[in-house]
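# Tertiary structure, described
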Amino acid sequence: MTLPPSSGTQRALDEVLPAELLGAFDDRFIRSCEFVEEYVHRLTLQVFRDTGLEEACAQPVTVDEAVRRAGLAPDIALVPCTWILRTLAARGWLERVDTARFRASAVPRLDPVELAAAQNAHDPACLPTYRIAALAAESYPSVLQGHTTGEDALFAPDHIGTWLEYFSNANPLYAIANTVGAIAAEQALPAEGGTVLELGGGLGSGAEALLARLDTAGHGKSLAAYRFTEIVPAFLRRARKSLPDYRAGLPLSFTWLDIDAPFAKAGIEPASCSLVYGVNVMHVAKDLAATLAEVRLALSDGGALVLGECVRPFADRPIYVEFVFNLLASFRAPLLVPAWRPNGGFLTPEQWCAALAANGFDQVTILPDIVALRDAYPSFVVAAITARCQ
Ligand SMILES: C[S@@+](CC[C@H](N)C(=O)[O-])C[C@H]1O[C@@H](n2cnc3c(N)ncnc32)[C@H](O)[C@@H]1O
């Protein structure tokens, strides 16, 4: 098994990343990113066969035709199958006959397990991401055939432990979003602290990283309040249990909040927050404009929105993280707006800037500068987006 060397990537990162981020993107981490991307692509080959797509692509077909021939449920399968065919074509494993049609000829058989073994030898802390990707691969046939939902398949009670290990600062492949987000959030928070509202806080890994950073920077003590919110009651309970131990005396509160509903339902008062913060949550907003309007209402004068997000470097380019999340309806099918929300899932830097500008925000910055980095390193997909109210 050979993977491209990391040295070119490292040089590109050295030129663009600010000093405080460089440490996080060391050679070890970059190598893990290369391993996991290859692992997911090999799982994609497996799913391509297991779902009947390989047979369906024996002659040149569009994605719609492939979905129909494979007997998959079109309303569920179209987005994931588009991702699968484009990903395999981008790897050169599937022939792209023209802009719309694909053909399977001599599709390779590559073992994903050897990548997991390589990752285990290189840095086993990343393995939770492999377990989640393997769970998704197993679930693909039944979800795409419409026998179960992605939500039920991925979030069954016996998988909660796997998710706990995945959404964790101990998993370098996930923690990077929290690291980048926390740096941007700390920079955006006024020197005197203020009130933080965290959206979609999940099991608490984003909060843990931000609170640790604020502590180091001396902001922690002056926080008036840290309002941790989440929609899944079991996640909220779990975060409530783990986070108060983090630092005694921190003004933490835990509230159920749905980003698709008025924040007032969760008791969030207008102009009450200095920072609205979310890691890997805003891209699941059903109606991004409506959620951004709620964020604006919640922010006080001069307040900031900071989003830790997976960012698509180029429009239409599939990224490996989508392999798992394309199974979820909330991820696949938000309200689309052609100018800045043309697809479900992740947005490009340009689409985030346009979405924020169209919804009353300005002074948008993206850390790191994905646009400057993406030609040299298109696999760089983590960023923090900061914006303020106009
Ligand atoms: C990818 S996880 C990120 C969790 C957390 N921010 C972290 O980094 O550990 C996305 C979170 O968004 C939550 N979520 C999904 N839809 C939501 C909604 N409509 N309102 C609020 N939270 C939501 C999920 O339950 C999940 O905890």
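Note that the structure is predicted; figures quoted are calculated from it, not measured. (Residues numbered from 1 in each chain as written. Predicted model: local features only at pLDDT ≥ 70, side-chain atom pairs only at ≥ 80, totals over all residues. Heavy atoms only, no water.)

### Observations concerning the site of the ligand
- Taken together, 20 residues lie around the ligand, and Tyr174, Ser205, Glu230, Asp258 and Ile259 are the ones closest in.
- Here Gly200 contributes a backbone N or O atom positioned 2.9 Å from a nitrogen atom of the ligand.
- Residue Ser205 places a side-chain N or O atom 2.6 Å away from an oxygen atom belonging to the ligand.
- Calculation on the ligand without its partners gives an accessible area of 590 Å², and the protein chains cover 88% of this total.
- Elements supplying a minimum of two residues to the shell around the ligand: helix H11 (172–188) and helix H12 (205–217).
- Here the shell around the ligand is built from residues that sort into 10 nonpolar, 7 polar and 3 charged. (Near = heavy atom within 4 Å. Polar contact = N/O pair within 3.5 Å; in protein donor to acceptor, adjacent residues only side chain to side chain. Areas by Shrake-Rupley, 256 points an atom, 1.4 Å probe, with all protein chains shown as cover. Helix = DSSP H or I, 4+ residues; strand = E, 2+ residues; numbered from the N terminus. Nonpolar A, V, L, I, M, F, W, Y, C, P; charged D, E, K, R; others polar.)

### Topic: the domain arrangement of the chain
- Per the domain assignment, the segments of the chain are domain 1 (7–120) and domain 2 (176–389).
- Look at where the C-alpha atoms of domain 1 and domain 2 centre, and you get two points 27 Å apart.
- Both faces considered, domain 1 and domain 2 share a buried interface measuring about 2100 Å² in area, 77% of it formed by carbon and sulfur atoms.
- Counting across the interface, domain 1 meets domain 2 through 2 salt bridges.
- Here domain 1 is connected to domain 2 by 4 residue pairs in polar contact (both at pLDDT 80 or more).
- Contributions of two or more residues to the side of domain 1 that touches domain 2 are made by helix H1 (7–16), helix H2 (19–22), helix H3 (27–50) and helix H6 (74–90).
- Counting residues per element, the side of domain 1 that touches domain 2 draws most heavily on H3, which supplies 9 residues. (Domains from an automatic or database assignment. Buried area = accessible area lost by both parts, 1.4 Å probe. Salt bridge = Lys/Arg side-chain N within 4 Å of Asp/Glu carboxyl O.)

### Some words on the environment of Leu336
- Looking at the element boundaries, Leu336 is found in the loop between helix H16 (329–332) and helix H17 (349–358).
- What makes Leu336 partly exposed here is its relative accessible area of 46%.
- Along the primary structure Leu336 and Leu288 are separated by 48 residues, whereas in three dimensions their C-alpha atoms are 8.9 Å apart.
- Sequence-distant contacts of Leu336, that is, excluding residues within four places in its chain, are made with Arg341, Pro342, Asn343 and Gly344. (Buried < 20%, exposed > 50% of the residue type's maximum accessible area, 1.4 Å probe, protein only. Contact = heavy atoms within 4.5 Å.)

### Points about the nonpolar core
- Ranked by internal contacts, the top residues of the largest apolar core, which has 135 residues, are Phe48, Leu199, Tyr226, Leu275, Tyr277, Met282 and Phe323.
- Lining this core are residues from two domains, each supplying at least three of them: domain 1 (7–120) and domain 2 (176–389). (Core = buried A, V, L, I, M, F, W, Y, C linked by side-chain atoms within 4.5 Å.)

### Considering the side chain of Glu38
- For Glu38, the location among the structural elements is in helix H3.
- Polar side-chain contacts of Glu38 include one of 2.8 Å to the side chain of Arg91.

### Quick word on the sheet that holds strand S6 (residues 273–279)
- The strand order S5-S4-S3-S6-S7-S9-S8 describes an open sheet built from 7 strands, whose pairing is mixed. Two strands in the sheet have a free side with no partner beyond their single neighbour: strand S5 (252–256) and strand S8 (361–367). Going across the sheet, the axis of each strand differs from the next one's by a mean of 20°, ignoring polarity.
- Pairing between strand S3 (residues 194–199) and strand S4 (residues 223–230): 5 bridges, direction parallel. Within the sheet, the bridge partner assigned to Glu198 lies in S4 and is Phe228.
- Strands in contact with H12 are S3, S4, S5 and S6; relative to S4, the strand with the most contacts, it is inclined by about 165°.
- Strands in contact with helix H13 (residues 233–242) are S4 and S5; relative to S5, the strand with the most contacts, it is inclined by about 170°. (Pairing = 2+ DSSP bridges. Axes fitted to C-alpha atoms, helices over the stretch in contact; angles between N-to-C directions.)

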